[in-house]
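Architecture at a glance
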Amino acid sequence: MSLQCDYIRKLFDDYIRGNLSYKQRKLVSTHLKTCKACKKEYNKEFIMIDAMKNIPLFSCPENVVKKIEDQTYNKHSEEAFWRKYLDWIFINKLRPITIGLALVIVLVMVTLIPFSTLDNPQQPEGPKYSTKEIRKAKKEAEWTLTYIGHIINENNKEAVHNVLLDRFPKIIRESLKNSINIIGGK
Amino acid sequence: MKKSIYKKFLTKNKDQVFSYSLYLLHCLEDAEDITQEVFIKLWENWHSINPQKRESWAMRVTHNACIDLIRERNKIKQTTYDAQTIGFKEVFDNHDMYSNPGEKYYLSEQQKVIVSSMAKLPEKQQNILILHYFYDKKIREISEMLDIKESTIKVILHRARKSMKTLLSEYFYEKKGGQYEFAV
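Everything numeric here is computed off the predicted structure, so don't read it as measured data. (Residues numbered from 1 in each chain as written. Chains lettered and ligands numbered in written order. Predicted model: local features only at pLDDT ≥ 70, side-chain atom pairs only at ≥ 80, totals over all residues. Heavy atoms only, no water.)

Examining the overall build of chain B
Across its full length, chain B carries eight helices and two strands. Counted from the first residue to the last, chain B has its helices and strands arranged as α-α-α-α-α-α-α-α-β-β. Taken over 184 residues, chain B has a buried fraction of 52%. Counting contacts in chain B only where the partners sit at least 6 residues apart, residues at least 24 apart contribute 60% of the total. Of the accessible surface of chain B, which amounts to about 9500 Å², a share of 46% is contributed by carbon and sulfur atoms. (Helix = DSSP H or I, 4+ residues; strand = E, 2+ residues; numbered from the N terminus. Buried < 20%, exposed > 50% of the residue type's maximum accessible area, 1.4 Å probe, protein only. Contact = heavy atoms within 4.5 Å. Areas by Shrake-Rupley, 256 points an atom, 1.4 Å probe, with all protein chains shown as cover.)

Considering the packing of helix α1 (residues 2-25) of chain B against helix α2 (residues 28-44) of chain B
Residues and elements named next belong to chain B. Between α1 and α2, the shortest axis-to-axis distance is 9 Å and the interhelical angle comes to 150°. The orientation of α1 relative to α2 falls into the category roughly antiparallel. Crossing hand, α1 versus α2: right-handed. Judged by residue contacts, K2, K3, Y6, F9, L10, N13, K14, V17, F18, S21, L22 and L25 of α1 engage L28, D30, A31, E32, I34, T35, V38, F39, I40, L42 and W43 from α2. (Axes fitted to C-alpha atoms, helices over the stretch in contact; angles between N-to-C directions. Parallel < 35°, antiparallel > 145°, perpendicular 65-115°, else oblique. Left-handed = near helix turned anticlockwise from the far one by under 90°.)

As for the side chain of S143 of chain B
In this fold, S143 of chain B is placed in helix α7 (residues 139-146). Not counting the four nearest positions on each side in its chain, S143 of chain B is found in contact with I148, K149, E150 and I153 of chain B.

Topic: α1 of chain B
Along α1 of chain B, the sharpest change in direction is near 50° and occurs at N13 of chain B. Backbone geometry just after α1 of chain B places H26 of chain B at a positive phi near 55°. (Bend = angle between axes of the 7 residues up to and from the residue.)

Regarding unusual backbone geometry
Residue and element names in this part refer to chain B. Backbone geometry places D136, a non-glycine residue, at a positive phi of 55°. Structurally, D136 can be placed in the loop between α6 (123-134) and α7. The class for D136 is exposed, based on a relative accessible area of 51%. Although it is not a glycine, D147 sits at a positive phi angle of roughly 60°.

Topic: the pattern of salt bridges
Here the structure, examined in full by the defined rule, presents 13 salt bridges over all chains. Among the salt bridges present, the one from R161 of chain B reaches E45 of chain A, with a minimum N-O distance of 2.9 Å. With one member in each of two chains, R161 of chain B in helix α8 (residues 150-167) and E45 of chain A in helix α4 (residues 36-53) form a pair that bridges those chains. Given the relative accessible area of 5%, R161 of chain B is considered buried. When the shortest N-O distance is used, the salt bridge between R140 of chain B and E144 of chain B registers 4.0 Å. Note that R140 of chain B and E144 of chain B are positioned in helix α7 at a spacing of four residues, about one turn of the helix. Since its relative accessible area comes to 45%, R140 of chain B is described here as partly exposed. Connected via shared salt-bridge partners are D13, E41, K44 and E45 of chain A together with R161 and K165 of chain B. (Salt bridge = Lys/Arg side-chain N within 4 Å of Asp/Glu carboxyl O.)

Let's talk about the packing of aromatic side chains
Under the counting rule described, the total for this entry stands at 11 aromatic pairs over all chains. Note on F12 of chain A and Y42 of chain A: the rings are 5.3 Å apart at their centroids and 70° apart in plane angle, and the pair reads as edge-to-face. Of this pair, F12 of chain A sits in helix α2 (residues 12-17) while Y42 of chain A is found in helix α4, placing the two residues 30 residues apart along the sequence. One exposure class covers both F12 of chain A and Y42 of chain A, and it is buried. With centroids separated by 6.0 Å and ring planes inclined at 80°, the aromatic side chains of Y20 of chain B and Y135 of chain B adopt a geometry described as edge-to-face. Note that Y20 of chain B is positioned in helix α1 and Y135 of chain B in the loop between α6 and α7, a separation of 115 residues in sequence. Of the residues examined, Y20 of chain B reaches a relative accessible area of 0% and is grouped as buried. Aromatic ring contacts, followed pair by pair, group F12, Y15, Y42 and F46 of chain A into a single cluster. (Phe/Tyr/Trp six-rings, centres within 6.5 Å; stacked < 30°, edge-to-face > 60°.)

Observations regarding the nonpolar core
Across soluble globular proteins, you tend to see nonpolar side chains buried next to one another. Within the largest apolar cluster, 76 residues are counted, with the highest numbers of intra-cluster contacts made by M52 of chain A together with Y6, Y23, L129, F134, M164 and L168 of chain B. Mapping this core onto the domain boundaries places at least three of its residues in each of domain 1 (2-76) and domain 2 (97-182) of chain B. Non-local contacts of L168 of chain B, meaning those with residues more than four positions away in its chain, are made with M48 of chain A together with V113, I114, S117 and F182 of chain B. (Core = buried A, V, L, I, M, F, W, Y, C linked by side-chain atoms within 4.5 Å. Domains from an automatic or database assignment.)

Let's talk about the environment of A31 of chain B
Residues and elements named next belong to chain B. Positionally, A31 belongs in helix α2. Spatially, the C-alpha atoms of A31 and Y20 are 8.3 Å apart, while their sequence positions differ by 11 residues. Here A31 is in contact with F18, S21, L22 and L25, once residues within four sequence places are set aside.

A look at the confidence of the model for chain A
Residue and element names in this part refer to chain A. Residue-level pLDDT values for chain A average 75, and 62% of them are 70 or greater. When pLDDT is averaged over each helix and strand of chain A, the minimum, 62, is found for helix α6 (residues 81-91) and the maximum, 93, for helix α3 (residues 22-34). pLDDT under 50 marks residues 180-186. Its contacts with residues more than four places away, or in other chains, come to four contacts. (pLDDT = per-residue confidence, 0-100.)

As structure tokens, then:
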């Protein structure tokens, strides 16, 4: 068998089905007029393809169709409202928008929740004194200040300094540190 | 909306899916099961399938399901269904559905010869011949369904036709003028 016969025989199927260009059809038909061997092969192939094309398509039995219906749309005919709604969303190609909206809501919640604590800022913790202790300290401070006045009048600077160190309660000393400018020093 | 589109698709393609399963499996019950399985899967995966490729998807799933079942049968060696080792007479005599004229699965003797000869071919050749000639599918469509390159399908098709001619050679009778007759 020549190379040309081999090439022509490969075109038989498309030739029979009418899928060749005009040039190719002409080539095949001319070759078949001259080559007896190819002509025999073509006839066999034609009969075989014709028989295969006529093999019937069988009808699917009704009981199978019924089973399919029962397992698919008949089963889901009473869908919940939310499922129908989601189905509507997917069919209308709103999926990207729905996902985007959900992401925005999550982001807003994540960013806003921490800011809700700014309305009630926490007070710095300080030393805790009872009301009784504060009253007592105030009384002692008043007496000490009177005594200091007396000492200052007597020009006793050293005594004033010592009194301040010894007599004033700690809380008063701390608060007076920066506010009283005592004669002769701090 | 999904229901109405699905219903139309089912009406249009059920015979194709069922016939394809039947020609591959030669068993009515198995073909019915495969058809049911394919359409239920289609319903469940409806939204993830490209609407333009639903038919290819359905045929591909049918093909894969049939091949899996054939391989399972071969494993447990159910030779009753193995058309590659049994002559065509036994295959069709065991299945009355093909033999009674007027019955919905009736095949003529000539058609039985074609179908049983096909059953002797390798799996891929058989599948491609069925899709190309029984269902008049183009090479491009078959390539999409079976996920095989178009060039590969052309080669397989060429080999399948050659093998079929060899298998059917005893049924070709030469007439005068180089014409042939296919007689059983």
